[in-house]
Amino acid sequence: MKKTLLFLLLITSFTKIAAQWTSQFSGFTNPSRGLSQIKIVDANTVWALAFDNAITANNIQEFTRTTNGGATWTAGTIEMGNPDLKIINICPVSATTAWVAAIDPSQGRGVVYKTTNGGVSWVQQLTNGFQAPASYLNGVHFFNENTGVAYGNPISGNRFEIYRTTDGGTTWTALASASSAAILNSNELGYTGEPIVVGGSLWFTTSKGRLYRSTDMGATFTAHQALTADFGGGDTVGTTAQALFSDASNGYLLKTVRSGTAPNYTYTRTYAITTNGGQTWTPNTPISFSGSRYHLTYVPGTTRIIATSADPLNQGTSVSIDNGSSWTTVESSAPRGVAAFLNLTTGWCGGVNGASADGIYKLTGPLGTNDFKATKFKVYPNPAVSTVTISTTDSEDYKLSVADITGKIVMTKSLNGIENNLDVAALSKGIYFFELTSNQSTEVVKILKN
């Protein structure tokens, strides 16, 4: 299938933020190499796939790799014996071992190759899979050096073609029908590219707006409908979506609907969140997206999302510290491509190299920790079920106003003291905005009521 298109309000105080990206040379001898994927193994080891930014139609079978935190990058060629094979994703697990998935653009099908020497040589695996005329490989992922999955479109019956290995790819077993959810109908297809992975959980997207999810390293899959008709515009032209996850439970959906005719398209973007791995989304009608950059990446295990853009009309970086409800531009002076983060202080984003400089940027300062002023109020737990606690830094009087997602005020109170417990059991499930006003400040905190 074609590659997926990747492209209420919390009020708080911000200090001046400087996005501290430091240029590194990506190592490619040919200029104008951009990066389509960046995969972080640890703080020292990172791999990335290349594309030709000058002539994007060119098929590039190249990668780059660092083993010293980006101080030096070494570029290489992924030798597969066929220059027409299009690489769709890369999955490294160490400084030496990685896998790539590739397809023949004219036939689909697909191959998986592995390196165990840092990309010096590559060996084909899974020779028994994705070879039938109807096969179409969509991606490969390894959770560790032994356990991995390769997945593609439905080939027969009513299940996606999925293979699993537990010996590093030496042998592969087709996933039994009972281990994978059925497709909706014969038109449901997957999309090529990177799977969504957090720990032992993996998701891939479909043309019917569904997320196929595994929580056991690819042994079984369930299917969940997201709040979109399509993830990549294959079946529903103009409708695309991007799903991302902070951990195995908490995730974000950015939906884009294109209207009008070329070149005067208009775009409507909305979002929703999940707290159960994509099984359900809140609210049922997605909320208007307030950001202006659309390639989104979670900082793992946090509510912080980084948005990057290489669009000349809107380049730069934005940060959300509240799970994508509100956005702050931290820089708009340079194009920023795909991004990946290990934590709040370690990450990289793509650029375009010259003959001996640039190509990738390393984060050398935090995006979302000490750059933000401490808030006066805290409201927890979030999500909430029956009660929430409101704590403040002093005991002065303040007022609380709670609004639902439509803006309707559902509760008001006058409070004082360092800590107050509030009964919210009577509130319906959904998103609420807690506006807290004192003599010194006003803050709005978004709370999900389960």
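Let me begin by describing the structure that accompanies this report. Numbers given to residues run from 1 along each chain, matching the order in which its sequence is written. For this predicted model, a pLDDT threshold of at least 70 governs which residues receive local features, and a threshold of 80 or more governs which side-chain atom pairs are given and counted, while totals over whole chains, interfaces and linings are taken from all residues. Values shown for side chains rest on all heavy atoms present in the structure; no hydrogens or waters enter the calculation.

Turning our eyes to something else, we now look at the overall build of the protein. A count of helical and extended segments in the protein gives zero helices and 35 strands. Radius of gyration: C-alpha atoms only; globule rule: 2.2 Å multiplied by the number of residues to the exponent 0.38. Expected size for 450 residues packed as a compact globule is a radius of gyration near 22 Å; at 23 Å, the protein falls within 12% of this value. Referenced to the eigenvectors of the C-alpha coordinate spread, the extents of the protein come out at roughly 70 × 50 × 45 Å. Surface accessibility in these figures is a Shrake-Rupley result with a 1.4 Å probe; residues are shielded only by whichever protein chains are displayed. As presented, the protein carries roughly 18,900 Å² of accessible surface, and 49% of it is formed by carbon and sulfur atoms. Looking at the protein, you have 30 positive and 28 negative side-chain charges, and the mean spots of the two groups are 4 Å apart. Numbering of helices and strands starts at the N terminus; helices are DSSP runs of H or I of at least 4 residues and strands are runs of E of at least 2. Here Asp and Glu are counted as negative and Lys and Arg as positive; His is not counted, and neither are the chain ends. Working definition for charges: the position is that of NZ of Lys, CZ of Arg, CG of Asp or CD of Glu.

So, about the environment of Gly118. Within the element layout of this structure, Gly118 appears in the loop between strand S8 (108–115) and strand S9 (123–125). Accessible area is worked out with a 1.4 Å probe on protein chains only. A residue is then buried under 20% of its type maximum, exposed over 50%, and partly exposed in between. The class of Gly118 is buried, set by a relative accessible area of 7%. Every residue in contact with Gly118, bar those within four places of it in the chain, is listed here: Trp47, Phe63, Arg65, Ala95 and Thr96. Should any heavy atoms of two residues lie within 4.5 Å, those residues are counted as being in contact.

This part takes up the packing of aromatic side chains. For Phe, Tyr and Trp, where Trp contributes only its six-membered ring, two rings pair if their centres lie within 6.5 Å, and the inter-plane angle classes them as stacked under 30 degrees, edge-to-face over 60, or tilted in between. All chains considered together, the criterion is met by 19 aromatic pairs. Judged by centre distance (5.7 Å) and plane angle (55°), the rings of Phe204 and Phe221 are tilted. One end of the pair, Phe204, is in strand S15 (residues 201–205); the other, Phe221, is in the loop between strand S16 (210–214) and strand S17 (222–225), and 17 residues separate them in sequence. When sorted by exposure, Phe204 lands in the same class as Phe221, which is buried. Seen in terms of ring centroids, Phe289 and Tyr294 are 6.1 Å apart; in terms of plane orientation they differ by 55°. Their pairing is tilted. By relative accessible area, which is 8% here, Phe289 ends up buried.

We define a salt bridge as a contact between a side-chain nitrogen of Lys or Arg and a carboxyl oxygen of Asp or Glu at a distance within 4 Å. Within this structure, the stated rule accounts for six salt bridges. One salt bridge connects Asp52 with Arg33, and the closest N-O pair in it is separated by 3.9 Å. Linking Asp52 in strand S3 (residues 46–52) with Arg33 in strand S2 (residues 33–40), this pair joins segments that are 19 residues apart in sequence. Judged by relative accessible area, Asp52 falls into the buried class, the value being 8%. Between Lys39 and Glu194 there is a salt bridge; the shortest N-O distance is 3.7 Å. On the criterion of sequence distance, the pair formed by Lys39 in strand S2 and Glu194 in the loop between strand S13 (173–174) and strand S14 (196–198) is long-range, its members being 155 residues apart. Residue Lys39 is classed as buried on the basis of its relative accessible area, which comes to 16%. With relative accessibility at 36%, the residue Glu194 sits in the partly exposed group. When salt bridges that share partners are traced, they join Arg33, Asp52 and Glu62 into one network.

Read from one edge of the open sheet, four strands run S14-S15-S16-S17, paired in antiparallel fashion. Of all the strands in the sheet, just S14 and S17 have a single pairing partner and so form its edges. Neighbour-to-neighbour, the strand axes of the sheet open up by a mean angle of 20°, direction not taken into account. Strands were regarded as paired on the criterion that DSSP finds at least two bridges between them. For helices, the axis comes from a line fit to the C-alpha atoms of the stretch in contact; other axes are also lines fit to C-alpha atoms, and the angle between any two N-to-C directions lies between 0 and 180 degrees.

To continue, consider the environment of Val388. Along the chain, the position of Val388 falls in strand S30 (residues 387–392). For the pair formed by Val388 and Asn421, sequence separation is 33 residues and the distance between their alpha carbons is 5.8 Å. In contact with Val388, not counting residues within four places along its chain, are Val379, Tyr380, Pro381, Asn420, Asn421, Leu422, Val424 and Phe434.

Another aspect to go through is unusual backbone geometry. Between Ala262 and the following residue, Pro263, the backbone shows a cis peptide bond with an omega angle of 0°. Residue Pro381 is reached from Tyr380 by a cis peptide bond, and omega for that bond is -5°. By the secondary structure assignment, Pro381 is in the loop between strand S29 (377–380) and S30. Not every positive phi belongs to a glycine, and Asp358 is a case in point at roughly 65°. Secondary-structure assignment places Asp358 in strand S28 (residues 358–363).

Let us look at the side chain of Thr66. Tracing the chain through its elements places Thr66 in strand S4 (residues 62–66). Of the residues examined, Thr66 reaches a relative accessible area of 1% and is grouped as buried. Polar side-chain contacts of Thr66 include one of 2.8 Å to the backbone oxygen of Thr72. The residues contacting Thr66, other than those within four sequence positions of it, are Asn44, Thr45, Val46, Ala71, Thr72 and Trp73. Two N or O atoms count as a polar contact when they lie within 3.5 Å, although within protein this holds only if one can serve as hydrogen donor and the other as acceptor, and sequence-adjacent residues are included solely when both atoms are side-chain atoms.

Let's shift gears to the nonpolar core. As used here, the term nonpolar core means buried Ala, Val, Leu, Ile, Met, Phe, Trp, Tyr and Cys residues forming a set that is joined through side-chain atoms within 4.5 Å. With 18 residues, the main nonpolar core has Val379, Val388, Ile390, Leu400, Leu422, Phe434 and Leu436 as its most contacted residues. Only S29, S30, strand S31 (398–404), strand S32 (409–415), strand S34 (430–437) and strand S35 (442–449) provide two or more residues apiece to this core. Sequence-distant contacts of Leu422, that is, excluding residues within four places in its chain, are made with Ser386, Thr387, Val388, Ile390, Leu400, Met411, Lys413 and Phe434. By size, the runner-up hydrophobic cluster in this structure holds 16 residues, among which are Ile287, Ala307, Ile431 and Phe433.

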